[in-house]
Amino acid sequence: MRALGVVVVLLASLLSPAASPATASGGHEVTYDRHSLSVDGERVVLWSGEFHYFRLPSPRLWRDVLEKIRAAGFNGVSLYFHWGYHSPAPGSYDFTGVRDVDRLLRIADELGLYVVARPGPYINAETSGGGFPAWLKDLDGRARSSDPDYTAAYRDWLGRLNPIIARHQVTRGGPVIAYNVENEYAVNVDTAYMQDLQDQARAAGIDVPIVHNNCCDGDLANWSSGPGAVQIPGVDDYPVGFDCRAPDAWGQGAGVTRRLRDDGPVYAAEYQAGAIDLHDAGYDACRDLTGPDFMKVFYKSNVIESGATMFGYYMAYGGTSWGWLPQPNDVYTSYDYGAAITESRQLTPKYDEFKRQGYFTTTVAPLAKTDPAPAPVPADPAVFTRARSNPDTGTQFVLVRHPDRRTTADVATELDWSTPDGRYRVPVRVNGRDAKVLVAGYDLGGQRLVWSNSEILTHVEVSGRDVAVLYGRDGEQGSTVLRYASEPTVRVLDGAVRASYSGGDLRLDYTHSGLARVLVSGAGRPPLLLLLGTDETAARFWRLDTGRGPVLVRGTSLARSAAVVGDRLVLRADTDRADEVEVFAPVGRLSVGGRTVHVRRTASGSLLGSLPGPEPVRLPELTDWRHRAEPPGAGGSGWVTADRTTTASPIKPKTLPVLYSDDYGFHQGNTWYRGRFTATGTERVVSVNAITGRRGQYLVWLNGRYLGSAAGGTESDAEPVNPDPGRGDFAVPEGLLTAGRQATLTVLVGNMGHNDDWTADDVRHKQPRGLFGVVVQGSGAPISWEVRGSRPNDGERGPMNTGGLLGEREGWHLPGGGRGWSAPPAVAEPGVSWYRTEFRLDLPRGHDVSVGLRFEGEPPRDHRVLIFVNGWNMGQYLGGLSPQRDFVLPEGVLAEHNTLTFAVIATEQLRGGPGPVRLVTLGNHRTGADR
Ligand code: GAL
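Residue positions within a chain follow its written sequence, with the count starting from 1. Given that the model is predicted, a residue must reach a pLDDT of at least 70 before its local features are reported, and side-chain atom pairs must reach 80 or more before they are shown or counted; all residues, however, enter totals for whole chains, interfaces and linings. Side-chain measures here rest on the full set of heavy atoms in the structure, leaving out hydrogens and waters.

- The protein chain goes by beta-galactosidase in an unreviewed UniProt entry, where it is assigned to Saccharothrix xinjiangensis.
- UniProt positions are given in the numbering used here, feature names are shortened, and annotations may be inferred rather than shown by experiment. Under the Sequence similarities (unreviewed entry) heading, UniProt states for the protein chain: "Belongs to the glycosyl hydrolase 35 family."
- Quoted verbatim from the Catalytic activity (unreviewed entry) field of the UniProt record, the comment on the protein chain reads "Hydrolysis of terminal non-reducing beta-D-galactose residues in beta-D-galactosides."

Here's what the structure looks like:
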C-alpha cells in the first residue's frame, strides 16, 4: 500500500537519472535502481492493474472498481488517457463529468493506489483510432511523428493533460509514480517525436520516471538507449494470445519479461490478464484462456525468471466500449476482456488468484530486491526450479513448476534446498498446470520462516501477535518450518497438523484442507497464529490497511476498507449471500456497512459474527413500446454539400467528389448521403463502394425505393489497398426513373469506428469511412452530393456518443425524445426505426445491483440495434454478427426513472419490432449504507 504520510524531500538537482525530486510540501521522493522503484528510500514492487475510465461512464463506479482493484492486492493502477474522448474538434477539449480525469486521480489518491499515467498520445487499446481524435485524420502530417501539424495537435492535448497529471504526482503528494510516453512505438519511429513527448512532460513539471511499453522482440525500437530513450523501458507481453476458442492451447509464448536497461528495474508494462475476443468465442472463453492456472504458471514464472518488480496487468477491469469507442477490427461493444473483474463489476476466480499473488507480492518485502540465485535441485527432473534471493536478507524465492508449462502431469518429488538456515529435503508437488513460489529464510513479522512448501498469502501483526495465512492446493501435503531458540508451545486449534521440534526447528506437517489453525507461542518470539488454507479458503481473506496497521477479514464477497475507531472495526464490505465474517484486528467490536454486528471472540483471538445476504431484486418488464420511423434521408437541416476533390486520407476515392464522412467533419456512427442527378431512363445498376470497418453495412434507396444493403469494406491493412472495397450492385427497378426528371439516391453508411495506427504508418487510421465510390451504370449524368452526419458533441456524453441518424441529431434518443411517437406497426420498412419505452427501477437500498439488457431469441441477421439509455449510447446489438447478447447498463447512466430508446437499422422488413429483450440482474450485493 502506498505511504500516505507526509514527507518532505527536497533534492538539489534534477540531473540524477535515478531520482525524481519531491518538489513541494507533501511530496515524496521517487527513485529507482536496477532492482525496483523506491519511494522515500523504501522499495516498492509496483503491482498494478489496467483500468480505462473511458470505458465506464460513471465516475461513482470508478471508485467502486478502484476499490475492488485495491482489495485484490494491487497497489497501483495503469491508466490510459484517451485523447479522442476529450476532443470533439481541434482546440476543443473537455475534462468534465465522465471525462473528469482530475477526479479519477483524486480517487486513486484517496485509495492509496499508485498510478502509471499513460497519456499516449497514441494508446491503441482497441478503441477507435487507437485513441486519436477522428479529426486527426484530416491532418496532412503523419501521426506519431514530428510532422508540424501533428506536433501542434499533440502538444495541445498534452499541454492540457500534463498539468493535471503533474499535480497528482507522488513527488507532490499524489498517486502518479510513473509517466508512460507513447505506446508500443516500435516501427516507423521518429526519435525527435519520442524525445519531444518527454520534453513536453518535463516542461509541464512531470518529474517521476518516464517509461515506455515496448511491444516487440528483435531489432525494433525499444527506447532503452540512444536518442528518445526513456528512463524505464518496459515490455508488453500477451504470451497466450487472443484466440479464446481454444482456452487450453497455451502455445509457445515464453512470457518472461526482458531486461532492457541495467540501471532500471525490469518492467512488465502490459502483461496479459485477459484477451480481446478476436474470434467471437465470447469473453467467458477468454477468461478461461487466461484463468487461474495460466496466472499461476505465467505470472509466478515471470516474477522469478525475470526479476521484474514493476507490473501492469492488462486488464484488471475492461469495461464497455460504449458509444462509438470500439475499434472495429478487434472488438465489439463489450470490452469485458475476460478480466478478473467482469464488465458488470463482478469478481471471478481470476480475482482470487490475483489476490493470492498480489497479497504475497506486496507483503513479502525482500521480493523487491532480488538477484538470480542457485535453485534447489529436484530429485525428479520432471520438476523445474528457478530461484532468486535478496542480497541483504538472504531470503530465497523458489519457483516450482513443470519444465513445459503446458504439461498436465502430477509429479511429486523432493528438493535438495540449501536455505539460509540450513540444508533441507523439501517435498514438492506439481499437479497439472500449476506453479508455486516457495520462500525460505524470511523474517515473517517476529518469526523466522526457515522454509515452507505452502505459499504465503500474507501476514499482519495484530495486538503484538503475528497472524499469517499460508495456502496450498486442496489435498496437497504441506510442511512449514519455523526457527525457535527453544521448543515453543504449539496448540492446534483447528484441523489436523502434526508438530515436531528438533535442533531449533519447529516443523509442522499437514494436508491442505479447509482452514487449519495453529497457535505457536513462547520461546522468545511473539505469538504466531498460523492459518493454513487451501487456494479457496485463502482467497476468503482480505487484508485491509487501517490507521492501526493492516488487519485481516475472512468472509464477505468484498471488503472495501476498514478503520479502527476506538475498540471497533468499522468495515465497509459487501455480501452476496448470508455468511459468517471473522476479523483479526485489535478491537472488541465490529460494524459492517454502518450496522453493528453481533460478534463473539474465538479461540483464534478473532471476532466472529454473521452477515445477511442481499435482498432479492425485482426488475420491471419492458412494455409499452412506442415507435417512430426515420424516413431515408429525411429532415431538412444539417446537410452539407459534398464537393471536395482532395482528401488527407492516403487512400484516394474511386470516384469524385470525395465522399469520406471525416472530410466533412462527421466522425462517428451513421452518415446519410443524398445524391441528385438527372435521369436518362437508361440507368441499369447502381454500383456502390463503402468503407465502414468490420461488421459495418450500408443501405441504398433510389427515389425513396429501397434497393438493398451490403456489407461495408474493412481494409484494415494499408497494403494492398483493395480497389473495390465494400462493393454492392443494386439493380434499378424498371420504370423507377423518368428521363429528364431528377433522381435521388439516398445511402445510409455505418461507421463502425476508426482503425488504429499500431504500425505508425499513418495509413490504417486514415483509412476513410463512408462512400468510396458511386457509379450509376447506364448514365453519365453528374451526381451532386450532400452529406449529413454526427454533431461534434453530445453535451455531457461527449463526442463519441452519437452518429448522424436524424433521431440522434434531433434528440429522439434523449429522455423526453420529442413528439411523433406512436404504437409500433406490425411491419416496419427497411431502414431506421426508433422504439422507446420507459421503466422505473426500484432496487433495494444499500445494495450494489448490476443491471443489464439481454437480447433473447435467435440472433437476427437482418437488423441491428443501437441502445440508448437516458440518452447514453450503451452499445450496438449486432445480432448474429457478434457473440454479445448482454449489455451492461451502469449506475449513473441508469437512474430511478429511465428511458430506453432503440435505433433499429433493418436491412429487411422488420416484423415484431426489435425482438425479445429484457432487463437482467448481473450482480447483487448488499453493500450497506456507506458504500
Ligand atoms: C497492446 C496494446 C494495448 C492493447 C493490447 C491488446 O499491444 O498496447 O493497447 O491493444 O495490446 O489488448
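So much for the structure itself; the text now carries on.
**A few points about the state of the cysteines**
Okay, step 1: Our working definition of a disulfide is a cysteine sulfur pair at a distance within 2.5 Å. All told, the structure shown has 2 disulfides when counted by the stated rule.
Okay, step 2: Between the sulfur atoms of C244 and its disulfide partner C286 the distance amounts to 2.2 Å. What sets the handedness of the C244 and C286 disulfide is the S-S torsion sign, and at about 100° it is right-handed. Residue C244 is located in the loop between β10 (232-237) and β11 (267-272), and its partner C286 is located in helix α6 (residues 283-289); the two are separated by 42 residues in the primary sequence. Secondary structure elements are taken from DSSP: a helix is a run of H or I of four residues or more, a strand is a run of E of two residues or more, and numbering for both begins at the N terminus.

**Observations concerning the packing of aromatic side chains**
Okay, step 1: Between 30 and 60 degrees the pair is tilted, below 30 it is stacked and above 60 it is edge-to-face, where a pair is any two Phe, Tyr or Trp rings, Trp via its six-membered ring, whose centres lie within 6.5 Å. By the definition in use, this model includes 58 aromatic pairs.
Okay, step 2: The interplanar angle of 65° and the centroid separation of 5.2 Å between the aromatic rings of Y154 and Y193 together place this pair among those described as edge-to-face. Taken together, the residues span a long stretch of sequence, with Y154 in helix α4 (residues 148-167) and Y193 in helix α5 (residues 191-203) at a distance of 39 residues.
Okay, step 3: Note on classification: 1.4 Å probe, protein chains only; a residue is buried when its accessible area is under 20% of the maximum for its type, exposed when over 50%, partly exposed between these limits. Looking at Y154, the relative accessible area reads 0%, which means it is buried.

**What to know about the packing of helix α3 (residues 101-110) against α4**
Okay, step 1: Here α3 crosses α4 at 20°, and the two axes come no closer than 10 Å. It follows that α3 is roughly parallel to α4 by the angle criterion. Pair α3 / α4 crosses with right-handed handedness. Contact with α3, carried on its side by V101, D102 and L105, involves L161, I164, I165 and R167 of α4 and no other residues of that element.
Okay, step 2: Amino acids are sorted into nonpolar (Ala, Val, Leu, Ile, Met, Phe, Trp, Tyr, Cys and Pro), charged (Asp, Glu, Lys and Arg) and polar (every other residue, Gly among them). Looking at the contact of α3 with α4 residue by residue, the classes come out as 5 nonpolar, no polar and 2 charged. Note on definitions: angles span 0 to 180 degrees between N-to-C directions of axes, and those axes are lines fitted to C-alpha atoms, for helices only across the stretch in contact. In this scheme, roughly parallel covers angles under 35 degrees and roughly antiparallel covers those over 145, while 65 to 115 is roughly perpendicular and the rest are oblique. Here is the rule for handedness: rotate from the far helix to the near one, and if that takes an anticlockwise turn smaller than a right angle the crossing is left-handed, while a clockwise turn gives right-handed. Residues count as neighbours in contact if any of their non-hydrogen atoms are within 4.5 Å of one another.

**Observations concerning empty space enclosed by the protein**
Okay, step 1: We place a 1 Å grid over just the protein atoms. Points where a 1.4 Å probe fits but has no way out form a cavity, open points with protein on both sides within 12 Å along at least 5 of 7 lines form a pocket, and any residue with an atom within 4 Å of a point lines it. Grid points are joined across faces, edges and corners, and a volume is the space filled by probe spheres set on the points. Counted under the stated rule, the structure contains 6 cavities of 30 Å³ or more.
Okay, step 2: Counted as a void, the largest cavity has a volume near 180 Å³.
Okay, step 3: In the lining of the largest cavity, the residues fall into 9 nonpolar, 10 polar and 2 charged.
Okay, step 4: For the domains described, the bounds stem from an automatic or database domain assignment. Two domains each provide a minimum of three residues to the lining of the largest cavity, namely domain 1 (45-347) and domain 3 (639-788).
Okay, step 5: Roughly 120 Å³ of internal volume is contained in the second largest cavity.

**Examining the pairing of strand β33 (residues 579-584)**
Okay, step 1: Counting buried positions along β33 gives 5 out of 6 residues, so the element sits mostly inside the fold.
Okay, step 2: Here, a strand pair is defined by DSSP locating no fewer than two bridges between the strands. With 3 bridges connecting them, strand β30 (residues 551-554) and β33 associate as antiparallel partners. Considered in β33, the bridge of R554 is made with E582.
Okay, step 3: Where β33 and strand β37 (residues 607-611) come together, 5 bridges link them in antiparallel fashion. Paired with V583 across the bridge in β37 is L607.

**Quick look at the domain arrangement of the protein chain**
Okay, step 1: According to the domain assignment, the protein chain consists of domain 1 (45-347), domain 2 (369-611), domain 3 (639-788) and domain 4 (804-926).
Okay, step 2: Just the C-alpha atoms count here: the centres of domain 1 and domain 3 sit 35 Å apart.
Okay, step 3: On the side of domain 3, 28 residues touch domain 1, which itself brings 34 residues to the contact.
Okay, step 4: Between domain 1 and domain 3 lies a buried interface of about 2500 Å² when both sides are counted; carbon and sulfur atoms form 48% of it.
Okay, step 5: Take the accessible area each of two parts loses on contact, using a 1.4 Å probe, and add the two losses: that sum is the buried area. Considering only the surface of domain 1 that becomes buried against domain 3, K137, W324 and P328 emerge as the three largest contributors, covering 30% of it.
Okay, step 6: Salt bridge, as used here: a side-chain nitrogen of Lys or Arg that lies within 4 Å of a carboxyl oxygen of Asp or Glu. Our count for the domain 1 to domain 3 interface comes out at 3 salt bridges.
Okay, step 7: A salt bridge links K137 to D662; its shortest N-O distance comes to 3.0 Å.

**A look at the environment of G798**
Okay, step 1: For G798, the position within the fold is in the loop between β48 (784-788) and α10 (806-810).
Okay, step 2: Residues G798 and Y85, 713 residues apart in the sequence, show an inter-C-alpha distance of 7.0 Å.
Okay, step 3: The contacts of G798, once residues within four sequence positions are left out, are R99 and N793.

**Quick notes on α3**
Okay, step 1: Where α3 is concerned, the buried positions are V101, D102, L104, L105, I107 and A108.
Okay, step 2: Phi turns positive one or two residues past the end of α3, at G112, with a value near 75°.

**A few points about the nonpolar core**
Okay, step 1: We call a set of buried Ala, Val, Leu, Ile, Met, Phe, Trp, Tyr and Cys residues a nonpolar core when their side-chain atoms join them within 4.5 Å. Grouped together as the largest cluster of nonpolar side chains are 211 residues, with contacts concentrated most on F51, L853 and F902.
Okay, step 2: If you tally residues by element for this core, the top one is α4, at 9 residues.
Okay, step 3: Sequence-distant contacts of F902, defined by excluding residues within four places in its chain, comprise W625, S833, W834, Y835, L853, F855, V865, L866, I867, P914 and V917.
Okay, step 4: Formed by 35 residues, the second largest nonpolar core is a distinct cluster that contains V658, L659, V688 and L771.

**Topic: the layout of surface pockets**
Empty space among the atoms becomes visible once a probe the size of a water molecule is rolled across them.
Okay, step 1: Approximately 500 Å³ is the volume found for the second largest pocket.
Okay, step 2: The element contributing the most residues to the lining of the second largest pocket is strand β51 (residues 847-855), with 4 residues.
Okay, step 3: Each residue belonging to the lining of the second largest pocket can be placed in one class, and the counts come to 10 nonpolar, 3 polar and 8 charged.

**Brief notes about the side chain of T899**
Okay, step 1: With respect to the helices and strands, T899 occurs in strand β55 (residues 897-906).
Okay, step 2: Assessed through its relative accessible area of 6%, T899 is described here as buried.
Okay, step 3: The contact partners of T899, leaving out residues within four places of it in the chain, are P815, R836, T837, E838, F868, V869 and N870.

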